[in-house]
Amino acid sequence: MTWASAAGRVQGAVYDFGVRREWLARPAGRVLWGTDVGELYASIRALGDLPAGASVLDVPCGGGVALRGLVGGSGRGDGRGRVAGLGREDGRGLMAESAQESGRKGRSRPAVVGGRRSAGVRYVGVDISGAMVARTRRRAERLGLDGVELVAADVGRLPFADGVFDVCVCFNGLHCLSEPAVAVRELARCLRRGGRLVGDMVVSRAGRRQDLAIAALRRAGLFGTGGTAGELRDWLAGAGLRVERLEQSGAVVHFAAVTAS
């Protein structure tokens, strides 16, 4: 079974139902993975603080959980996203200069939330599952987001040129893939100079109970080969990224890495 199969679509719907409800995801994350999923939602909320002109690639977008960040932030690009790995080291908003440059080039229509907050931020969501892409589209409509771009594609072969995006986010995705190292390299390829890859991953060797859960999900075809926290660091470094954050909470590692500027 894969996430793109009929059975995978059912499992995807269950996952989407849970992850969109923070009150439900928090206890589930604690019980299943021994983790505080508040870190995930902090990273999502930080998207709302990106400056006008920033471009965001979300892979896999799932049912569009990251869209809540576009309507929930301050929209000032004031650097508060540093906690989640989205801010600059000098305290300014994320890559303001490159975001302004991409805005001047005007490559696409930005996602606009009623003309406020996320105006000027380009959001592109990608998922291998057409059903998940459709879910994200419906969620964008419900949130009043206009200009969201959605593509059904394989993360190992993304249909984008090199150096297109300021930020790539990969929430709850790498552990589902058969070749996560290839996916990391492909995401890094799509980043501009100074761009950031931010995400999380369920890792092995965090505890016997968690490893048993990972093994069961692999047998079900919902998890891929996965890896350890150390292997994740190696994938990031092997893709030419400098690791800025690699923090483990239970069996989940939250990471942020940047390309050469």
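Residues numbered from 1 in each chain as written. Predicted model: local features only at pLDDT ≥ 70, side-chain atom pairs only at ≥ 80, totals over all residues. Heavy atoms only, no water.

Enquirer: What is the right way to look at the side chain of Arg 139 in this model?
Expert: Assignment of secondary structure puts Arg 139 in helix α6 (residues 130–143). Buried Arg 139, no salt bridge; nearest opposite-charge side chain is Asp 16, N-O distance 6.4 Å. Leaving out residues up to four positions away in the same chain, Arg 139 has contacts with Arg 20, Gly 63, Gly 64, Leu 67 and Arg 68. (Helix = DSSP H or I, 4+ residues; strand = E, 2+ residues; numbered from the N terminus. Buried < 20%, exposed > 50% of the residue type's maximum accessible area, 1.4 Å probe, protein only. Lys, Arg positive; Asp, Glu negative; His and termini not counted. Salt bridge = Lys/Arg side-chain N within 4 Å of Asp/Glu carboxyl O. Contact = heavy atoms within 4.5 Å.)

Enquirer: Got a minute to help me understand the pairing of strand β6 (residues 165–170) in this structure?
Expert: The two faces of the sheet receive side chains in turn, since in a regular strand these alternate between them. By the criterion of burial, β6 is predominantly enclosed, with six of the six residues buried. Where strand β1 (residues 55–58) and β6 come together, three bridges link them in parallel fashion. Its bridge partner lying in β6, Asp 58 is registered against Val 169. Where β6 meets strand β7 (residues 191–202), five bridges bridge the pair, whose relative direction is parallel. From the neighbouring strand, Val 167 faces β7, where its bridge partner is Arg 196. Taking the sense of rotation as the criterion, the β-α-β connection linking β6, helix α7 (residues 180–189) and β7 turns out right-handed. (Pairing = 2+ DSSP bridges. Right-handed = clockwise from strand over helix to strand, strands pointing away.)

Enquirer: What's the story with the packing of aromatic side chains in this structure? I'm lost.
Expert: In this description, an aromatic ring pair is defined by two values, namely the gap between the centres and the angle between the planes. Using the criterion set out here, one finds two aromatic pairs in the structure. Taking the centre distance of 5.9 Å and the plane angle of 15° together, the rings of Trp 33 and Phe 223 count as stacked. Of this pair, Trp 33 sits in helix α2 (residues 22–33) while Phe 223 sits in the loop between α8 (208–219) and α9 (229–238), and the two are 190 residues apart along the sequence. Since its relative accessible area comes to 12%, Phe 223 is described here as buried. Aromatic pair Phe 160 and Phe 165: ring centres 5.3 Å apart, planes at 85°, arrangement edge-to-face. Just as Phe 160 is buried, Phe 165 falls in that class too. (Phe/Tyr/Trp six-rings, centres within 6.5 Å; stacked < 30°, edge-to-face > 60°.)

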